[in-house]
Amino acid sequence: MESVVIKPPKRQQVLDDLFRVIIVIFSSAIYSIAVAWFLEPANLVSIGLTGVGQILNRLFLLVNIDIPVGVFVLLTNIPLCIYGLKSVSPRFMIYTVLSIVVQSVFLLGWLPQVNIVDDIESNRLFLSIIAGLICGVGIGLALRYGTSTGGVDILAQALNFKKNISIGVFSTIVNIILACIAGGFMQGDWAITFYTFIFIIITNIVVDKIHTAYNFLRIDVITTKSEELSKALISGINRGCTILDVQGAYTHQTKFDVFMVISSYELEKAKKIIHGVDPQAFIMVLPVKRIIGAFFKHTII
């Protein structure tokens, strides 16, 4: 399949960028609220560098120095942002930096304190589950639309993109280590660690339901507008496609099967293009386990 590189219309690109900015702000805000309102009151740690920021905050509190978690989130993300700029894509990192700034602002301590429950000790399980649901939605939305919430997500995306290392496995290992440090080793309370494990599991399940890692997919589109659709897909996705003649068994109407191999990150964009050309098109999406031959991994956005 020959790849043709044609840039999307400028107006469409601006609209896509604006949409992603809204997604970044929304996902970062709800992620930060989950940390401030559910995890911090329960003395649980978040995932990734936000968890590192919480640990550093608590270490400094031991010597009566109160540095907001948001400051540590901002500082610890700087080296990973530099790495991500070289390893993922500049536009991906622009959105990620915006996400980090939003999180840092929210976690500077200016959010109003909300008492979700009166008895923290007996409600840690509830807080960990709700926090996992909210964080999972925030992270999953960000990843689904080609952005991230920063931190370990940057490194995980880069490793998945370059080495095909599972995002879920890598993130889980890092987060388990953080949970053990924050709960068992620092506070001597392994119950906190186990509640944090529950939070991590719930978060990963939600992220997995919303977002799929960089996998290969085959889309088959049954349509009568093969020429218009193939040109739109080649222009919008920057990948080649193949057109087959097909016939409906019931109507005996001649149609076409336009099929293309894409990455999971490109699925939503492909669906918009297809429905824009032929709202009546029938779309099938199939997983592709392996590709032998030329298939260029585009940057995430």
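Up top is the structure.
Residues numbered from 1 in each chain as written. Predicted model: local features only at pLDDT ≥ 70, side-chain atom pairs only at ≥ 80, totals over all residues. Heavy atoms only, no water.

A. The overall build of the protein chain, seen in detail. Along its length, the protein chain carries ten helices and four strands. When the helices and strands of the protein chain are listed from N to C terminus, the series reads α-α-α-α-α-α-α-α-β-α-β-β-α-β. For the protein chain, buried positions account for 46% of its 301 residues. Here the analysis covers contacts within the protein chain between residues at least 6 apart in sequence; of these, 74% occur between residues at least 24 apart. Accessible surface, the protein chain as shown: approximately 15,300 Å² in total, 66% of it carbon and sulfur. (Helix = DSSP H or I, 4+ residues; strand = E, 2+ residues; numbered from the N terminus. Buried < 20%, exposed > 50% of the residue type's maximum accessible area, 1.4 Å probe, protein only. Contact = heavy atoms within 4.5 Å. Areas by Shrake-Rupley, 256 points an atom, 1.4 Å probe, with all protein chains shown as cover.)

B. Structural context of the sheet that holds strand β3 (residues 254-263). Taking strand neighbours across the sheet as the criterion, the four strands line up as β2-β3-β1-β4 in an open arrangement whose pairing is antiparallel. Only two strands of the sheet have a single partner each, and these edge strands are β2 (242-247) and β4 (282-288). Each adjacent strand pair in this sheet contributes to an overall mean axis angle of 25 degrees, direction not counted. Across eight bridges, the pairing between strand β1 (residues 216-223) and β3 is antiparallel. (Pairing = 2+ DSSP bridges. Axes fitted to C-alpha atoms, helices over the stretch in contact; angles between N-to-C directions.)

C. Main features of a nonpolar patch on the surface. There is a patch of nonpolar side chains on the surface, built from Leu59, Phe60, Leu62, Val63, Ile65, Ile173, Ile177, Ile181, Phe185, Met186, Trp190 and Phe194 and spanning about 1,200 Å² of accessible area. Here the nonpolar patch gets four residues from one element, more than from any other, and that element is helix α7 (residues 167-185). Following the sequence through the fold, Phe185 ends up in helix α7. (Patch = residues over 30% accessible without salt bridge, like charges linked within 9 Å, V, L, I, M, F, W, Y side chains within 5 Å. Salt bridge = Lys/Arg side-chain N within 4 Å of Asp/Glu carboxyl O.)

D. Main features of unusual backbone geometry. Of note in this structure, Asn43 is not a glycine but carries a positive phi near 65 degrees. Of note, Asn43 is situated in the loop between α1 (10-39) and α2 (48-61). One non-glycine residue, His252, adopts positive backbone phi at about 60 degrees. Relative accessible area serves as the criterion here: at 53%, His252 is assigned to the exposed category.

E. Quick peek at the pattern of salt bridges. For the structure on display, the rule yields four salt bridges. As a salt-bridge pair, Glu40 and Arg58 come within 3.2 Å of each other at their nearest N and O atoms. With a gap of 18 residues between them, Glu40 in the loop between α1 and α2 and Arg58 in helix α2 connect regions that are remote in the sequence. Assessed through its relative accessible area of 12%, Arg58 is described here as buried.

F. Local environment of the pairing of β1. Judged by how many residues are buried, β1 sits mostly within the fold: six of eight residues are covered. The sheet contact formed by β1 and β4 spans seven bridges and is antiparallel. Counted as the bridge partner of Val221 is Ile283 from β4.

G. Local environment of helix α9 (residues 226-237). For α9, built from twelve residues, the straight-helix expectation of 16 Å at 1.5 Å per residue is met to within 8% by its first-to-last C-alpha distance of 16 Å. Residues of α9 that are buried: Ser226, Leu229, Ser230, Leu233, Ile234, Gly236 and Ile237. Where the residues of α9 are buried, they touch β1, β2, β3 and α10 (267-277). Of the residues flanking the end of α9, it is Asn238, one or two places downstream, whose phi is positive at about 65 degrees. (Expected span 1.5 Å × (residues − 1).)

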